[in-house]
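Below, each chain spelled out in residue letters.
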Amino acid sequence: MSAGARLGALVLALTALVTGAAPVASARTEAHHRIPDTAVLDGTRLQRTKIRLDHGDPRLRRAVGTLRTRADRWLGQGPWTVVDKPRPAPGGDVHDYLSQAPYWWPSKTPTSDNPWGCPYVQRDGERNPEVDSGTDRQDVEKTFDSAYDLSLAWYYTGERRYAEKAGQVLRTWFLDPATRMNPNLNHAQFIPCKYDGRAIGIIDFSQSYTSVLDALALLETGAPGWTAKDRTGMKRWNTAFRDWLRTSDFGKQEAAATNNHGTFYDLLLAGLAYATGDRELARRTVLDARHQRIAPQIASDGSQPQELTRTRSWHYSAFTLVAHARLAAIGRHVGVDLWAYRGPEAQSLFKAVDYLLPAATGAAAWPHPELEFDRYAATDVVHAAADAGDGRARKAVPSLEEPPGGDLWVLRPAAEQLDSIAG
């Protein structure tokens, strides 16, 4: 029996002593209670939550009902693929991912001689609706979100249909030779008549692909239909993508970014490193984030000056902290406590979260520019800080606004971007 399985059996036995319920001694139960080797989520915590659910915890049952509702909506959708777009990426390969810069707009009326209406001009925070047609942007978000919801639903319910749908979604996007995506982002966030792709397009993946890494770890605890071939294929894809991220010009440019793009780059690289077995790279990336990200990005009062200059300052202040919180979660797996770090001017993640608390709890208005304020945008990062030991955040939790679709923190305790402006 593996160490994970032995720990699972022990937790089952201890839970039985507390609840009075007899543990179910079967190979199936033991396999289903294996600790997931998740990159961001805490696998041991998930296992314990699953055991509590199996013993009838009413709060968890309600949360699983919410999760089921989300997962059920995906059962009749997809799968999605990069080869479905009406025209290939500028390089001509239909397997290359393509997205368009969201805040760039045509400055002229399109004509037969100028079909795009070039030149394009930037309007920060204002999303051009044309980016949702003709590219892979919305489909990749559906792929990521569905894989995550479905894998979590399978893990907590054991229902085969969720695992099989998650597997279909992942195989179609990443593995099937006819439909798979090439492991690069050479044509992400292109600007018509200007750039065939841009380094900052990496954020299309860095903001949410780590949830796919966790979905894979959940499926690998014994999901029906998820085979050794699938596991090998995804590890090979993730390794190639990790290497592209480290060695490509775009990857190097994004690594050098000093705002939220750099933080999200670190999150993606650390997550891929952890998932592909390079724990030293993951640890080094998290360690470097202390002086490369936290110290220069967060002021002594907890504000994030670069994000406050944006037209969506509330969104971006919370959004960047999602990256920090998720990176801190990876750090926990490799022996680095980012929450404990204090910069030369006492900068810290706790201070950055506390700066959001008055607006997050509704106690005060957000005093900076924001085109569309959603109070719930900060809900997950406050949860994360509270779990990490922030007393002010812990007191604020009861006053947080529940995000659309329900608060699933008890089932998947890792910060997510809750106020998506991708669609």
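Residues numbered from 1 in each chain as written. Predicted model: local features only at pLDDT ≥ 70, side-chain atom pairs only at ≥ 80, totals over all residues. Heavy atoms only, no water.

A. Main features of the overall build of the protein. Regarding its fold elements, the protein presents 17 helices and 2 strands. For a compact globule of 423 residues, the expected C-alpha radius of gyration is about 22 Å, and the protein comes in at 22 Å, within 12% of that figure. Over its C-alpha atoms, taken along the principal directions, the protein stretches across nearly 75 × 50 × 40 Å. Of all 423 residues assigned to the protein, the portion counted as buried reaches 55%. Of the contacts formed within the protein by residues at least 6 apart in sequence, a portion of 73% connects residues at least 24 apart. Accessible area for the protein stands at about 17,200 Å²; split by element, carbon and sulfur atoms hold 51% of it. The centroid of the 50 positive side-chain charges in the protein is displaced by 5 Å from the centroid of its 50 negative side-chain charges. (Helix = DSSP H or I, 4+ residues; strand = E, 2+ residues; numbered from the N terminus. Rg over C-alpha atoms; globule rule 2.2 N^0.38 Å. Buried < 20%, exposed > 50% of the residue type's maximum accessible area, 1.4 Å probe, protein only. Contact = heavy atoms within 4.5 Å. Areas by Shrake-Rupley, 256 points an atom, 1.4 Å probe, with all protein chains shown as cover. Lys, Arg positive; Asp, Glu negative; His and termini not counted. Charge placed at Lys NZ, Arg CZ, Asp CG, Glu CD.)

B. Summary view of the packing of helix α15 (residues 349–360) against helix α16 (residues 379–387). Running from N to C, α15 and α16 cross one another at 130 degrees; their axes reach a closest spacing of 10 Å. As judged from the angle between their axes, α15 and α16 are oblique. Crossing handedness for the pair α15 and α16: left-handed. For the pair formed by α15 and α16, the contact residues are F350, V353, L356, L357 and A360 on the first element and V381, V382 and A385 on the second. Looking at the contact of α15 with α16 residue by residue, the class counts come to 8 nonpolar, no polar and no charged. (Axes fitted to C-alpha atoms, helices over the stretch in contact; angles between N-to-C directions. Parallel < 35°, antiparallel > 145°, perpendicular 65-115°, else oblique. Left-handed = near helix turned anticlockwise from the far one by under 90°. Nonpolar A, V, L, I, M, F, W, Y, C, P; charged D, E, K, R; others polar.)

C. Representation of the confidence of the model for the protein. With 91% of its residues at a pLDDT of 70 or more, the protein shows a mean pLDDT of 91. Low pLDDT, under 50, characterises residues 1–5; the stretch is placed with 5 contacts to residues that sit more than four places away or in other chains. Segment residues 11–31: pLDDT under 50, and 20 contacts once partners within four positions in sequence are set aside and those in other chains are kept. (pLDDT = per-residue confidence, 0-100.)

D. Quick peek at the state of the cysteines. A complete count under the given rule lists 1 disulfide for this structure. For C118, the disulfide goes to C193, at an S-S distance of 2.1 Å. Handedness of the C118-C193 disulfide follows from its S-S torsion of about 75 degrees: it is right-handed. In this pair, C118 sits in the loop between β1 (104–106) and β2 (120–122) while C193 sits in the loop between α6 (160–175) and α7 (203–206), placing the two residues 75 residues apart along the sequence. In this structure C118 comes out as buried when scored by relative accessible area, which is 10%. A relative accessible area of 57% means that C193 is categorised as exposed. (Disulfide = S-S within 2.5 Å.)

E. Region of the structure containing the packing of aromatic side chains. On inspection of all chains with the given rule, the structure shows 21 aromatic pairs. With 6.2 Å between their ring centres and 10 degrees between their planes, F241 and W244 make a pair best called stacked. Placement of both F241 and W244 in helix α9 (residues 228–247) is noted, with a separation of 3 residues, approximately one turn of the helix. In terms of burial, F241 and W244 fall into one category: buried. Measuring from ring centre to ring centre gives 5.8 Å for Y316 and F319, while their planes differ by 75 degrees; the resulting arrangement is edge-to-face. Residue Y316 and its partner F319 are both found in helix α14 (residues 313–333); the two are separated by 3 residues, about one turn of the helix. No difference in accessibility class separates Y316 from F319, as the two residues are buried. Across the ring face of W105, the terminal group of R123 is positioned such that the distance to the ring centre comes to 3.8 Å. Its end group placed over the ring of Y274, R279 keeps NZ or CZ at 3.7 Å from the ring centre. (Phe/Tyr/Trp six-rings, centres within 6.5 Å; stacked < 30°, edge-to-face > 60°. Lys NZ or Arg CZ within 6 Å of the ring centre and 35° of its normal.)

F. Structural view of α14. Helix length check: α14, at 21 residues, gives a terminal C-alpha distance of 31 Å against a target of 30 Å (1.5 Å per residue), a fit within 8%. G335, located one to two residues past α14, shows a positive phi value of around 80 degrees. (Expected span 1.5 Å × (residues − 1).)

G. Local environment of the side chain of D390. Looking at the element boundaries, D390 is found in the loop between α16 and α17 (391–396). Buried charged residue D390 carries no salt bridge. Nearest counter-charge: R392, at 6.0 Å. Residues in contact with D390, not counting those within four places in the same chain, are F350, D354 and A385. (Salt bridge = Lys/Arg side-chain N within 4 Å of Asp/Glu carboxyl O.)

H. A look at α9. The end-to-end C-alpha separation of α9 is 29 Å, in line with the 28 Å expected for 20 residues at 1.5 Å each. At its buried positions, α9 is contacted by α6, α7, α8 (209–219), α10 (249–255), α11 (260–275) and α12 (279–297).

I. Region of interest: the pattern of salt bridges. On inspection of all chains with the given rule, the structure shows 23 salt bridges. Notably, a salt bridge pairs D124 with R310, separated by 2.9 Å at the nearest N-O pair. Of this pair, D124 sits in the loop between β2 and α5 (137–157) while R310 sits in the loop between α13 (305–308) and α14, and the two are 186 residues apart along the sequence. Relative accessible area serves as the criterion here: at 23%, D124 is assigned to the partly exposed category. The partner of R161 in a salt bridge is E159, with the nearest N and O atoms 2.9 Å apart. Take R161: its relative accessible area is 38%, and that puts it in the partly exposed class.

J. Quick peek at the nonpolar core. In this structure, F205 and Y209 are the most contacted members of the largest nonpolar core, which totals 112 residues. Examining the composition of this core, we find that 12 residues originate from one element, α14, more than from any other. Look past the residues within four positions of F205 in its chain and what remains in contact with it is Y97, V140, F144, M181, L185, W237, F241 and L268. Counting 5 residues, the second largest nonpolar core, distinct from the first, contains A101, W104, C118 and Y120. (Core = buried A, V, L, I, M, F, W, Y, C linked by side-chain atoms within 4.5 Å.)

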